[in-house]
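If you want the building blocks of each chain, they are given just below.
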Amino acid sequence: MRILKILQKVSTTLACPFQSLSSVRWSVAQSRACSSSSTTEERVPRNAVLRHLTSKIKATGPISVSEYMREVLTNPVTGYYVRNDMIRSDGDFITSPEISQIFGELLGVWCLSEWMAAGKPSQFQVVEFGPGRGSLASDILRVFSQLRPALGGAAVSVHLVEVSPGLSQIQAQCLTGGGTQAAASEDEAVYRHGTTTTGLPISWYRRLEDVPRGFSIYLAHEFFDALPIHKFQRTEKGWREVMVDIVPEEPDKLRFVLVPGPTLASSTLIQADEKRRHVEVCPEAGVVIQRLANRIAEDGGAALIADYGHDGTKMDTFRGFRSHQLHDVLASPGSADLTADVDFSYLRRMAGDTVACMGPVSQRNFLKNMGIDTRLQVLLRNCADPAARAQLVQGYDMLTNPKKMGDRFQFFSLLDRRRLTRPEQPDVEKKKPPAPLPVAGFSELSFS
Ligand code: SAH
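Quick caveat, the model's predicted, so the values are computed rather than measured.

**Q** I would appreciate a short explanation of the overall build of the protein in the present structure.
**A** Secondary structure assignment for the protein yields 15 helices and 20 strands. Considering the protein as a whole, with its 448 residues, one finds that 56% of them fall into the buried category. In the protein, the proportion of contacts linking residues at least 24 apart, taken out of those at least 6 apart, comes to 75%. Accessible surface, the protein as shown: approximately 19100 Å² in total, 52% of it carbon and sulfur.

Shown next, in the form of structure tokens:
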């Protein structure tokens, strides 16, 4: 009931213009354009990244896949995310918030619902990891603005953890209209700040550690899949780490090799009872999860993580995307996105008992539980333009169809343990205490 009530108050306006799209990673027909401006159109000179990697390998020997991925994606000078604006119809890939405004609206409702379930704390931080072009935050903020009375007098603030200076400028344009201030020095924890078009304070950081403490709802959409993984292969002699080396006689080509003996990573990151032949582990994801779990346990709040992934079952998922096509991960490094499926069983293990974990549940189930069908009907009822109607229906299909993004994408949540316990009985009349409120998205929509 709560979710439906909140949802009914979200206005019926269409958020952004839509843009034609010929071919994309998820073969959608159209995508949205929150902002068409791009400050980082320029592609990385391909050889610069390759040269940097090969000189590193020549100096110190083969590098781990984790180091390779980190260098290619987030090297401060040549990194793919640092230098490119890739999440576009004419870029390398497209994501759910870029496909339909409904996605961000429902996540906005989720944030509000968890804030309410926590007793409406007076401070309310929304923290997003890797906000891309800013579309998700923009849709969430529109919902917050429309539901301002429900937020009472809470002091809402927005905090973005983004490693790419170029993307942070695109986010600033999308969320504030461009009126942000950049920090005077590179060393500042807050490297950009301003006020959103809806009137909320907004700040940019490179790391979670720099985000102020306090009740927070954390969001990470297609963020964890970009964090560097280690790869391991089971051999007759035990687990061996996969590394990246130069092809002998071909100094401009890279190849995978196995380290002959154990590495620190192969000795510490594999579970004793591991059954698979090939395993990918993302220790950086583990560190972020542990930090999130501690913050949620101490300050209250919740984290919602959405990504493609598995529950500890898949083996080789490391792949590249360029112009919406699969791309050899070792070819022309820096010219394509690199990604690996998120292992949610690992995230759950890293969270430990500090917080309660929900999911993973499929994107289809999560969005259906959040009322996507109701929201689509409301928008369609109020939209006469045939092109916009078709786009809404296509976007809905892309997000929920099990053959498209509906089953591959998963939702996972970290919750404050107090959220799932029955509140103390306040009065002496030993009545049964009220049950904890169900967690939106993870349980079926209730019409009671
Ligand atoms: N959430 C967005 C973008 C996904 S792409 C969407 O769904 O559309 C990954 C995003 O994470 C980009 O904004 C990228 O710059 C950012 N990113 C990648 N690695 C990061 C890191 N280590 N720290 C902070 N941000 C990172």
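**Q** Help me understand the pattern of salt bridges in this model?
**A** Side-chain pairing between opposite charges can occur once the charged atoms of the two side chains come close. In this structure the tally under the stated criterion is 23 salt bridges. Note that R213 and E298 form a salt bridge whose closest N and O atoms lie 2.9 Å from each other. Note that R213 is positioned in the loop between β8 (201-205) and β9 (216-221) and E298 in helix α10 (residues 283-299), a separation of 85 residues in sequence. In this structure, K253 engages E250 in a salt bridge whose closest nitrogen and oxygen atoms are separated by 3.5 Å. Note on K253: relative accessible area 46%, which makes it partly exposed. A relative accessible area of 37% means that E250 is categorised as partly exposed.

**Q** Quick question: what am I supposed to make of the packing of aromatic side chains here?
**A** Given two aromatic rings, one states the distance between the centres and the angle between the planes to describe the pair. Summed over all chains, the structure comprises 11 aromatic pairs. Ring plane angle 35 degrees and centroid distance 5.1 Å describe the contact between F129 and F223, whose orientation is recorded as tilted. Here F129 is found in strand β4 (residues 123-129), whereas its partner F223 is found in the loop between β9 and β10 (230-235), with 94 residues between them in sequence. Each member of the pair, F129 together with F223, is buried. The positively charged end of R408 is found above the aromatic ring belonging to Y308, 5.2 Å away from the centroid.

**Q** I'm lost on the pairing of strand β20 (residues 409-415) in this one. Help?
**A** On any regular strand, side chains alternate: one points to one face of the sheet, the next to the other face. By the criterion of burial, β20 is predominantly enclosed, with 7 of the 7 residues buried. Here β20 shows a buried face lined by F409, F411, S413 and L415 and a second buried face lined by Q410, F412 and L414. Summarising the sheet, strand β14 (residues 301-310) and β20 pair through 7 bridges and their orientation is antiparallel. Bridged to L304 within β20 is S413. Sheet topology places strand β19 (residues 356-362) next to β20; 5 bridges connect them, and they run antiparallel. Counted as the bridge partner of S362 is Q410 from β20.

**Q** How do you make sense of the site of the ligand when you look at a structure like this?
**A** Neighbouring the ligand are 18 residues, the closest being T95, G130, G132, E162 and H221. Within the backbone of V163, a nitrogen or oxygen atom sits 3.4 Å from a nitrogen atom of the ligand. Protein burial of the ligand: of its 580 Å² of free accessible surface, 95% is covered by the chains. For the shell around the ligand, the residue count by class is 10 nonpolar, 6 polar and 2 charged.

**Q** Whenever I open this one, the sheet that holds strand β15 (residues 319-322) confuses me. Can you help?
**A** Strand pairing in a sheet relies on backbone hydrogen bonds. The paired strands run either parallel or antiparallel. If you walk across this open sheet you meet the 3 strands as β16-β15-β17, and the pairing is antiparallel. Each end of this open sheet is capped by a strand with a single partner; those strands are β16 (325-327) and β17 (337-339). Averaged over all adjacent pairs, the angle separating strand axes in this sheet is 40 degrees, with direction ignored.

**Q** When you look at the packing of helix α6 (residues 101-117) against helix α7 (residues 135-146) in this model, what are you seeing that I'm missing?
**A** If you want to describe how two helices pack, look at the angle between their axes and the distance between the axes. For the pair α6 and α7, the least separation of the axes is 8 Å and the interaxial angle reads 55 degrees. One element, α6, and the other, α7, form an angle in the oblique class. You can see that α6 and α7 cross each other, and the crossing is right-handed. Taking contact as the criterion, the partners of Q101, F103, G104, E105, L107, G108, V109, C111 and L112 in α6 are, on α7, L136, D139, I140, R142, V143 and F144. Partitioning the contact of α6 with α7 into residue classes produces 9 nonpolar, 3 polar and 3 charged.

Rules used in this analysis
- Residues numbered from 1 in each chain as written.
- Predicted model: local features only at pLDDT ≥ 70, side-chain atom pairs only at ≥ 80, totals over all residues.
- Heavy atoms only, no water.
- Helix = DSSP H or I, 4+ residues; strand = E, 2+ residues; numbered from the N terminus.
- Buried < 20%, exposed > 50% of the residue type's maximum accessible area, 1.4 Å probe, protein only.
- Contact = heavy atoms within 4.5 Å.
- Areas by Shrake-Rupley, 256 points an atom, 1.4 Å probe, with all protein chains shown as cover.
- Salt bridge = Lys/Arg side-chain N within 4 Å of Asp/Glu carboxyl O.
- Phe/Tyr/Trp six-rings, centres within 6.5 Å; stacked < 30°, edge-to-face > 60°.
- Lys NZ or Arg CZ within 6 Å of the ring centre and 35° of its normal.
- Pairing = 2+ DSSP bridges.
- Near = heavy atom within 4 Å.
- Polar contact = N/O pair within 3.5 Å; in protein donor to acceptor, adjacent residues only side chain to side chain.
- Nonpolar A, V, L, I, M, F, W, Y, C, P; charged D, E, K, R; others polar.
- Axes fitted to C-alpha atoms, helices over the stretch in contact; angles between N-to-C directions.
- Parallel < 35°, antiparallel > 145°, perpendicular 65-115°, else oblique.
- Left-handed = near helix turned anticlockwise from the far one by under 90°.

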